[in-house]
Amino acid sequence: MNNEALIQDLRPQLEILEPAEAIALLTERFPGKVVFSTSLGQEDQVITDIIFRNHLPVRVFTLDTGRLFQETYELMDATRAKYNQTLETYFPNTQRVEALVQEKGFNSFYYSVENRKECCFIRKIEPLKRALTGAEIWITGLRAEQSENRSDMPVLEWDNGNQVLKYNPLIHWTYDQVLAHLSEYRVPDNPLHRKGFISIGCASCTRAIEPGEHPRAGRWWWEESKKECGLHSA
């Protein structure tokens, strides 16, 4: 069955199932080939809880860019402790980071969109491609409300850049639903969220937002762009 036929077959089923049921279906259909990438954000913590609490056979991994907040590292440890599960961690290629810093300095990303995307590629996109090796289903924590770029994303789509089917179980969830799940199941989350940091990435590239600002306004706030790093470019 080709990718388009797979999507047409699976998407209607995934649309009506709860995330835990849908992930269970995918793990049965693609045994050993379902992975979840977590950035430790609130949406990702919901999905981590669903996977670990229901003992679903999904490989869970995260990307450590080397520029994360200390609170994010503490959350990694708290999550591991709560579920007694491992978060596989992928790091950037050391030689590429060293070459970037030697050529352009530690903060080249502030000076142009191209520089910022170069840093994102080295620290996030290349490690992601390694982490997705062998996977057929990539689970993400994307929600339609997060940005205009994500407003039309379906629950299941083909990610051409990574050559994998991407399942977005929370795509239709509201932020209130995310918060309710975190509260109900006592899922650990980042204390920075309560200080105005809604979307949390690298410490150097994330600020708190003001009341009424878009949730993604705190990411790469110094530039006019689509506020994406390239991880979810089709």
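Residues numbered from 1 in each chain as written. Predicted model: local features only at pLDDT ≥ 70, side-chain atom pairs only at ≥ 80, totals over all residues. Heavy atoms only, no water.

Tracing the backbone through its elements, the reader meets His214 in the segment after helix H7 (175–184). Between the alpha carbons of His214 and His55 there is a distance of 35 Å; along the sequence they are 159 residues apart. (Helix = DSSP H or I, 4+ residues; strand = E, 2+ residues; numbered from the N terminus.)

As summarised here, the arrangement of the six strands in space is S3-S2-S1-S4-S6-S5, forming an open sheet in which the pairing is mixed. In the strand order of this sheet, the two ends are held by strand S3 (88–90) and strand S5 (156–159), each with one partner. Going from strand to strand, the sheet's axes swing by 30° on average, the running direction of each strand aside. The pairing of strand S4 (residues 137–139) with strand S6 (residues 164–167) spans three bridges and is classified as parallel. Paired with Trp138 across the bridge in S6 is Lys166. Here helix H2 (residues 19–29) sits on the sheet and contacts strand S1 (34–37), S4 and S6; the angle it forms with S6, its principal contact strand, is near 165°. Sitting on the sheet, helix H6 (residues 113–131) is in contact with strand S2 (59–63), S3 and S4, with an inclination near 165° to S2. (Pairing = 2+ DSSP bridges. Axes fitted to C-alpha atoms, helices over the stretch in contact; angles between N-to-C directions. Contact = heavy atoms within 4.5 Å.)

A word on the packing of aromatic side chains. Tallied over the entire structure, the rule returns eight aromatic pairs. Where Phe109 meets Trp222, the ring centres are 6.3 Å apart and the plane angle is 40°; that geometry is what we call tilted. Linking Phe109 in the loop between helix H5 (94–104) and H6 with Trp222 in the segment after H7, this pair joins segments that are 113 residues apart in sequence. Overall, the relative accessible area of 26% leaves Trp222 in the partly exposed class. One aromatic cluster is present, formed by Phe109, Tyr110, Trp221 and Trp222 through successive ring pairs. A cation over an aromatic ring shows up here: Arg53 above the ring of Tyr185, its NZ or CZ 3.7 Å from the ring centre. Note that Lys82 overlies the ring of Tyr83, its terminal NZ or CZ placed 5.5 Å from the centroid. (Phe/Tyr/Trp six-rings, centres within 6.5 Å; stacked < 30°, edge-to-face > 60°. Buried < 20%, exposed > 50% of the residue type's maximum accessible area, 1.4 Å probe, protein only. Lys NZ or Arg CZ within 6 Å of the ring centre and 35° of its normal.)

So, on to the side chain of Arg219. Examined against the element boundaries, Arg219 turns out to sit in the segment after H7. A relative accessible area of 7% places Arg219 in the buried class. Side chain to side chain, Arg219 and Ser199 meet in a polar contact 2.8 Å long. (Polar contact = N/O pair within 3.5 Å; in protein donor to acceptor, adjacent residues only side chain to side chain.)

Moving on, we get to unusual backbone geometry. Even without glycine at this site, Leu40 takes up a positive phi of about 70°. Its location among the elements puts Leu40 in the loop between S1 and helix H3 (42–53). Assessed through its relative accessible area of 2%, Leu40 is described here as buried. With phi around 55°, His55 is a residue other than glycine that occupies positive phi space. As for its placement among the helices and strands, His55 is situated in the loop between H3 and S2.

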